Amino acid sequence: MSPAPGASACAPADVEAWLGELGLAPTERADRESITSWDLVLDGRRRARLRITLILDPSLALICWAHYAPPINDSFRVSYLKLLRWNDDLPFVKFSIGEDERPLLVAEIPVAQASRDSLGLALARHLAVADRYHADSVGWLKAGGWSPDPSSPSQAAGPGVRP
C-alpha cells in the first residue's frame, strides 16, 4: 500500500526513537506485514497500569489504543450512554467497544503529523482521560478484577512516577 496523498513517511525506527526520547520503554513489539505495534504500561495520577498499544501503519496513521476497562457486564445501555457522553466531551480521543465488549480509548495521529511531540501528547491525553473518568470507571475495573488503586511508588513506571 502506498502512503496516503500528502503523507510523510513514518517508520518504526522513528517511533522507537520518540519513545526513547520520552523515557518510555515498550514491554513488547510485534511486526506483521507492514504494521508494527508496541505495548506500553503507564500510570496516571489516579489510574494505574493503563495498557496502551501503539499501532503504526506507515501509510495511514499512528494509533494509540488502550483497553480502558474489562468487558462491560452491567446494564449495557447505561454504560454505552456514558461512553457516548464522554465522546461528546472529548474531541481528541474516542471511546468505542471492542469485539470482546471491552471499552477502548483511541487516538489517531495521521502519518503526516506523527512526531515525538504528537505521540507524547496523545499518550498524556490517554492518561489524563483515564484519570478524569477514574471514579466513574471503578465499577467496571472492579467487576473485571482490575485494580482501581493507584500504583505504589515501587510499582509505578513511566510518567506516572510521583515523588
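These remarks concern the structure in this document.

About the cut-offs
- Residues numbered from 1 in each chain as written.
- Predicted model: local features only at pLDDT ≥ 70, side-chain atom pairs only at ≥ 80, totals over all residues.
- Heavy atoms only, no water.
- Salt bridge = Lys/Arg side-chain N within 4 Å of Asp/Glu carboxyl O.
- Helix = DSSP H or I, 4+ residues; strand = E, 2+ residues; numbered from the N terminus.
- Buried < 20%, exposed > 50% of the residue type's maximum accessible area, 1.4 Å probe, protein only.
- Pairing = 2+ DSSP bridges.
- Axes fitted to C-alpha atoms, helices over the stretch in contact; angles between N-to-C directions.
- Contact = heavy atoms within 4.5 Å.
- Phe/Tyr/Trp six-rings, centres within 6.5 Å; stacked < 30°, edge-to-face > 60°.
- Lys NZ or Arg CZ within 6 Å of the ring centre and 35° of its normal.

Quick look at the pattern of salt bridges
The tally for this structure, following the rule as stated, stands at 5 salt bridges. Salt-bridge contacts for Asp 31 lead to Arg 29; the nearest nitrogen and oxygen are separated by 2.9 Å. For the salt bridge of Arg 102 with Asp 100, the shortest nitrogen-to-oxygen distance reads 2.6 Å. Among the charged side chains, a network of salt bridges with common partners joins Glu 16, Arg 29 and Asp 31.

Observations regarding the side chain of Ser 59
Within the element layout of this structure, Ser 59 appears in the loop between strand S3 (50-57) and strand S4 (61-67). Residue Ser 59 is classed as buried on the basis of its relative accessible area of 8%.

Regarding the sheet that holds strand S2 (residues 35-42)
Spatially, the 6 strands line up as an open sheet ordered S1-S2-S3-S4-S6-S5, and their pairing is antiparallel. Of all strands in the sheet, those bounded by a partner on one side alone are strand S1 (28-32) and strand S5 (94-97). Strand after strand, the sheet turns through a mean of 25° between neighbouring axes, direction not considered. Pairing between S2 and S3: 7 bridges, direction antiparallel. Its bridge partner lying in S3, Trp 38 is registered against Leu 54. Sitting on the sheet, helix H1 (residues 12-21) is in contact with S1, S2, S3 and S4, with an inclination near 15° to S2. Across the sheet, helix H3 (residues 116-132) touches S2, S3, S4, S5 and strand S6 (103-110), and the angle it forms with S6 is around 160°.

Things to note about unusual backbone geometry
A positive phi angle is found at Glu 33, which is not glycine, with a value near 55°. Along the chain, the position of Glu 33 falls in the loop between S1 and S2. Here Glu 33 falls in the exposed class, since its relative accessible area comes to 82%. Positive phi, normally seen in glycine, also occurs at Glu 101, with a value near 75°. Summarising the element assignment, Glu 101 is placed in the loop between S5 and S6. The exposure class of Glu 101 is partly exposed, given its relative accessible area of 30%.

Structural notes on the packing of aromatic side chains
By the definition in use, this model includes 4 aromatic pairs. When the centroid spacing of 6.2 Å and the interplanar angle of 75° are considered together, the rings of Tyr 68 and Trp 86 count as edge-to-face. Remark: Trp 86 occurs in helix H2 (residues 76-89) and Tyr 68 occurs in the loop between S4 and H2; sequence separation between them is 18 residues. A residue is classified by how much of its surface remains accessible, and Tyr 68, at 0% relative accessible area, is buried. Overall, the relative accessible area of 4% leaves Trp 86 in the buried class. Centroid distance Tyr 68 to Phe 95: 5.1 Å. Interplanar angle 85°. Geometry classified as edge-to-face. Residue Tyr 68 is found in the loop between S4 and H2, and its partner Phe 95 is found in strand S5; the two are separated by 27 residues along the sequence. Residue class for Phe 95 comes out buried when judged on its relative accessible area of 5%. Ring-pair connections join several aromatic residues into one group, and the members of that group are Tyr 68, Trp 86, Phe 95 and Tyr 133. Note that Arg 47 overlies the ring of Tyr 68, its terminal NZ or CZ placed 5.1 Å from the centroid. The residue whose ring lies beneath Arg 125 is Phe 92, and the NZ or CZ to ring-centre distance is 4.4 Å.

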